Amino acid sequence: MKQTPSQTVGPYFAYGLTPEQYLYDFKQLVGNQMVSPIEQSEAITITGKVFDGNGEVIPDAMIEIWQNDGENKLFGRFGTGTDPQNRFIFSTIKPQSFAGQAPYLSVIVFMRGQLIHSYTRIYFSDEPQLNSTDEVLNAVPAERKHTLIAEKKGNLYEFNINMQGENETVFFEV
Amino acid sequence: MSNTIYNQFDREVHPPYLAPEYKSTILRAPTKPLVILKQSLSELTGPVFGDFNLGEFDHDLTKNSIKNGEPLGERIVVHGKVMNENGQPIPNTLIEIWQANACGRYVHKVDQHDAPLDPNFLGAGRCMTDKDGNYKFYTIKPGAYPWGNHYNAWRPNHIHFSLFGANITNRLVTQMYFPGDPLLQHDPIFLGVPPKGRELLISKFDLDATEPNFALGYRFDFVLRGHNATPFEKI
């Protein structure tokens, strides 16, 4: 059987997929609080922007994060249309290393202008040891590796996604 | 489980990143080759949603946003099966939908098309597939609407679908179209799909699913990425 082809999420996903975030009157199944930052003392914040080929911030992308380190399975979803700076923002916990891999988050990127979604990963700048030996990171061309590593800034990690350009984010064939 | 490898996207039917006729792809399509990822635990798993989260009328868009009457337009029932390439049904998986109203207007604040909103129609819904992978929505047939891609550009009637499937390799966001729509041959989003895949995006009119004196039936099945081996361990 043939796979059903993908089509773009388009510009109007918000009231269907992220309704409460965008203040529509429809219950939201999933949001950006993958853990409660109040109840989880080890909670971290992941934030960043999505840029197009002209370096303009994309205000209508939808980001999904999935993590499974064998212990905690967490999923989050957030659109870039509500933050004044068009950032995505997630509260989660940092995954543990699983099977010797560097800890990472799986990221799925959707937007108008993408007929099919993109997969990338977020690694962490404060894991230099595990990052240096990680099989996936080492399969990435050396000069592009930094596009997969979120930079720790105080209590948060910053991870920008560049769709094109000199620092184009590495996307995976998953 | 550890030996299971999920198939990649079938590029014979999936659209490319760059489809210049659809102008927004030009600055948003990745330009560098994708890096092949060895699938590991996070690709072989994905979020699981319990149906206890769903509201009574989440699957019925003709009822889930009623304020002072019935929504206007042609009532339809859209149903089908979610399965993988191996033909195995995918039970208990979340399907989310959103769409324009009968006049071709979205509730979304960004949509400025000069067509009326319907106070009794939001245009968003969701359901879980049953144990055999089947799903069913009641809704209103969405209208066509203009968009700014090129002069006199109109989107064909369509319903947006989001599916999860067995794991994150199965993730699918797509659009379902209607048979015989003359706008399809002019739509760069639909035409972004290679010719082999286009028919797969068009629902079929289904007289058996049509409910007498109530709603026209359409069938639309989903096929998500399959795998090279059975994921169930033999006992």
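Residues numbered from 1 in each chain as written. Chains lettered and ligands numbered in written order. Predicted model: local features only at pLDDT ≥ 70, side-chain atom pairs only at ≥ 80, totals over all residues.

### Description of the overall build of chain B
The condition is simple: Here a helix means four or more residues in a row that DSSP labels H or I, a strand means two or more in a row labelled E, and each is numbered from the N terminus. To assign burial, the other C-beta atoms lying within 10 Å of each residue's own C-beta are counted, with C-beta atoms placed from the backbone; 20 or more indicates buried, 12 or fewer indicates exposed, and intermediate counts indicate partly exposed. For every residue pair, C-beta atoms are placed from the backbone, and the pair is scored as a contact if these atoms sit within 7 Å.
Secondary structure summary: chain B contains 1 helix and 12 strands in total. When the helices and strands of chain B are read in sequence order from the N terminus, they spell out β-β-β-β-β-β-β-β-β-α-β-β-β. For chain B, the spread of C-alpha atoms along the three principal axes comes to 55 × 40 × 30 Å. Residues counted as buried form 42% of the 235 residues belonging to chain B. Put simply, of all contacts in chain B between residues at least 6 apart along the chain, 71% involve residues at least 24 apart.

### Some words on the overall build of chain A
Note the cut-off: Atoms counted for the radius of gyration: C-alpha only. Globule rule: 2.2 Å times the number of residues to the power 0.38.
Check the secondary structure of chain A and you find 3 helices and 11 strands. Ordering the α and β elements of chain A from the N terminus gives α-β-β-β-β-β-β-β-α-α-β-β-β-β. Relative to a compact globule of 174 residues, whose C-alpha radius of gyration would be 16 Å, chain A shows 16 Å and is just as compact. In terms of its C-alpha atoms, chain A occupies a principal-axis envelope of roughly 45 × 40 × 40 Å. Evaluated residue by residue, chain A yields a buried proportion of 49% over its 174 residues. In chain A, once contacts between residues fewer than 6 apart in sequence are set aside, the share between residues at least 24 apart is 65%.

### Quick look at the environment of Tyr106(B)
Take Tyr106(B): it is sitting in the loop between β3 (94-99) and β4 (124-128). Taking C-alpha positions, Tyr106(B) is 10 Å from Ala124(B), a pair spaced 18 residues apart along the chain. Those residues within four positions of Tyr106(B) in sequence are excluded, and the remaining contacts are Tyr12(A), Ala100(B), Asp111(B) and Gly123(B).

### Overview of the sheet that holds β4(B)
Residues and elements named next belong to chain B. The cut-off we apply is this: In this analysis, strands are considered paired if DSSP registers two or more bridges between them. Between the N-to-C directions of two axes lies an angle of 0 to 180 degrees, each axis being a line fitted to C-alpha atoms and, for a helix, fitted only over the stretch in contact.
With antiparallel pairing, the 4 strands of this open sheet are ordered in space as β4-β3-β8-β9. A single partner strand is all that each edge strand has here, and the edge strands are β4 and β9 (172-177). On average, adjacent strands in this sheet sit at an angle of 25° to one another, irrespective of strand direction.

### A word on the interface of chain B and chain A
Applicable threshold: Residue polarity is assigned by list, with Asp, Glu, Lys and Arg as charged and Ala, Val, Leu, Ile, Met, Phe, Trp, Tyr, Cys and Pro as nonpolar; anything else, Gly included, falls into the polar class.
Residue-level contacts link 62 residues of chain B with 56 residues of chain A. At the level of elements, β1 (35-36), β3, β8 (158-163), β9 and β12 (222-224) of chain B are the ones that each hand at least two residues to the side of chain B that touches chain A. Here the side of chain B that touches chain A gets 4 residues from one element, more than from any other, and that element is β9(B). In the side of chain B that touches chain A, the residues fall into 31 nonpolar, 21 polar and 10 charged. In the sheet, strand β11 (residues 172-173) of chain A pairs with β1(B) via 2 bridges, with the strands oriented parallel. Its bridge partner lying in β1(B), Glu173(A) is registered against Ile36(B).

### Examining the pairing of strand β8 (residues 149-153) of chain A
Residues and elements named next belong to chain A. Strand direction decides the pairing type here: strand β7 (residues 118-124) and β8, joined by 2 bridges, are parallel. In the strand pairing of β8, Phe-124 is matched with Ala-150. Here β8 pairs with strand β9 (residues 156-158) via 3 bridges, running antiparallel. Bridged to Glu-151 within β9 is Glu-158. In textbook terms, the turn of a hairpin is the stretch between consecutive antiparallel strands, and for β8 and β9 this stretch comprises 2 residues, one of which, Gly-154, has a positive phi near 65°.

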